[in-house]
Amino acid sequence: MTTPVRAPLWACAWHWMRNWAVEILVTVLAAWVLTFIGDFVGGATVQVLFVLATTTALLAPRSRAVLATHLGQRARKRRWKEALRIAVPPPGAPWLLRYREDDCGAWADVRTGPGGTVTQLESRSEAIAAWLAVHDIRIQRHPTSAGHACLRALRSDPLDADPGRWPWMDRGSTDLWEPVPVGRDETGNEVSIGLAGHNLLIGGEPGAGKSVALAQIVAAAALDRQTQLFLLDGKLVELAAWRDVANGHAGTDIHEAIDLLAGVQAEMEARYHQLLRDGLRKIIPGSALSLVVIDELAHYATWLERKARDRFCDLLRDLVSRGRAAGVIVVAATQKPGSDIIPTSLRDLFGYRWALRCTTPAASDTILGAGWASSNITSHTIAANQRGVGWLHYEAAQPTRLKAHHLTDVDLQVLASRALGLRKAI
C-alpha cells in the first residue's frame, strides 16, 4: 500500500498565505493605521472610532452589500483554487490567473503547473463541478498555448433561457452570402453561419429540434430573391410552408427526389461551363446561389428499392462534393446518420455539423465527428425538454453549444408570404 505524500509545513503555510493575501494585507494596514492614529488621539478614542466605523459599515445597506459581495467572491475564488489543486495535484496543479463572475456562474483563466495538462482538467471536470457545487464545468483550450485554458462554472444552464426572436424576422429581404443567425451560445452571443461554400448536416433524435434549426436557414434562403430553393420533404409537411416559394420540391416519393436532384446537377454543370468560359475557378460573392434542403434524409437513403436508393445517394454525393464552387449548398436533416443509414462516403463530405439531442455519445460523435464526446462535447447530455439546444461545428476550432431561435407556425406563414411577394416581383 502506497503511503500518501504530505506537503511540507512551509508549503502549506505559503499556500494558505497566498489564498488569504488580500485579507491579511487589509488587516495589517488597518492595524497600522489605528496604531498611527492612536499615537495622536489616544487608544480609547481609537477604539470608539473603530467600533463606530465598523457598526456603520455593517448597518448601512450599500456598504454591507459591497462587503458581502467582495468577501463572498474572495471565498469562491479560494474554493476554485482548492478545486484545481484537488483535480490535478501539485506540482501539475493549475494556477488561477484570472477570476470573474457573471449571472450564470464564474470564469477562470488557468495555466497548468509543471507536468500538468489541460487534458487532465478535462478528465476531472465532473469532480471540479462537484467540488464547486455547480451545474457543470466547460473547458475551452487556448487557441495558441497548450498550457492555458478557460474554465466556466455554470450554476444553471444558460440555454434554458429563451434565445429571443430571430434577428432576421423583420427583414424585407436577405442575402444568403451574409452569415445567417441561427441561435445564441452560452455567453449570450449571437451565432451566425456563412452557408456560401459550405454544406450542413443536422442530426438529432425525434423532437430534438431539427425543424427549429432548419426553419431559419430555409427562411433566410427564401427571402433572398436570387437564391434558388429546392426542397425534399421526407415528412411531406415539414417544409410545406415554403412550397409556393421554392423553385422545386419533392415529397416522400424517392423518384421525385431523384428528378429534382438531377435538375440541380444539370444546373451545377451549366455553371461550371460558364466558369470555364469566364476563366474562374468558383463563383464570385454576390452571384446567385442554390440551396438544396432535405428533411429526413434517412427516408430516401434507406429506400427499399436499391437502384433508386443508390441513384439518389450518387446524385446527392455529387452535389455535396462538387457543388460548393458552383454555388450549390446542401443542408440535410436526419436522425442518427450512422453508416448503416447514410453512406459514410456521403456523410463525411458535410463540412458543417449540427448535433441536437442524441441518446448516446456515439450517436453524437456520428454527427459531429469521432472523438468529441471524449472531450465532453456531446449532445447526449442535453435534457429532453431543451428543444433546439445542440452543438454546432462550423468555422470555430471546436463545436459551439447554442440554442436555436424558434419560428412559430405564424412566423413561418408571415415569412413565406413575404418571400413569395419578393419572388413574384422579379
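Every chain is numbered independently, its residues counted from 1 as its sequence is written. Reporting of local features is limited, given that this is a predicted model, to residues whose pLDDT is at least 70; pairs of side-chain atoms are given and counted only at 80 or more, and all residues count toward the totals for whole chains, interfaces and linings. Working from all heavy atoms in the structure, the side-chain values ignore hydrogens and water.

### What to know about the overall build of the protein chain
Step number 1: We count a stretch as a helix when DSSP gives it H or I for four or more residues in a row; a strand needs E for two or more, and each element gets its number in order from the N terminus. Secondary structure summary: the protein chain contains 13 helices and 14 strands in total.
Step number 2: Partly exposed residues are those whose accessible area sits between 20% and 50% of the maximum for their type, while under 20% is buried and over 50% is exposed, using a 1.4 Å probe and protein chains only. Taken over 426 residues, the protein chain has a buried fraction of 44%.
Step number 3: In the form shown here, the protein chain has an accessible surface area of approximately 21,900 Å², with 58% of it arising from carbon and sulfur atoms. The protein chains shown are the only cover counted for residues, whose accessible areas, like all others here, come from Shrake-Rupley with a 1.4 Å probe.

### Brief notes about the confidence of the model for the protein chain
Atom-level detail of predicted coordinates should not be read off regions where pLDDT is low.
Step number 1: Per-residue confidence from the predictor is reported as pLDDT, which spans 0 to 100. Here the protein chain averages 87 in pLDDT, and 89% of its residues register 70 or above.
Step number 2: Considering each helix and strand of the protein chain separately, the mean pLDDT is smallest for helix 1 (residues 9-19), with a value of 57, and largest for strand 8 (residues 228-233), with 97.

### Thoughts on the pairing of strand 4 (residues 148-154)
Step number 1: Of all seven residues in strand 4, six are buried; the element is thus mostly enclosed.
Step number 2: In the sheet, strand 2 (residues 105-111) pairs with strand 4 via seven bridges, with the strands oriented antiparallel. Directly across from Asp109, in strand 4, lies its bridge partner Cys150.
Step number 3: Bridge count for strand 3 (residues 136-141) against strand 4 is six bridges, and the pairing is antiparallel. Across the sheet, Arg141 pairs through a bridge with Ala149, a residue of strand 4.
Step number 4: DSSP-based pairing: two strands are paired if at least 2 bridges between them are found. As consecutive antiparallel partners, strand 3 and strand 4 are separated by six residues.

### What about the environment of Leu223?
Step number 1: In this structure, Leu223 sits in the loop between helix 7 (210-222) and strand 8.
Step number 2: Classification of Leu223 as buried rests on a relative accessible area of 0%.
Step number 3: Taking C-alpha positions, Leu223 is 7.3 Å from Leu422, a pair spaced 199 residues apart along the chain.
Step number 4: Whether two residues are in contact is decided by their heavy atoms, any of which lying within 4.5 Å being enough. Once you skip the residues sitting within four places of it in the chain, Leu223 turns out to touch Arg171, Gly172, Ser173, Thr174, Leu415, Arg418, Ala419 and Leu422.

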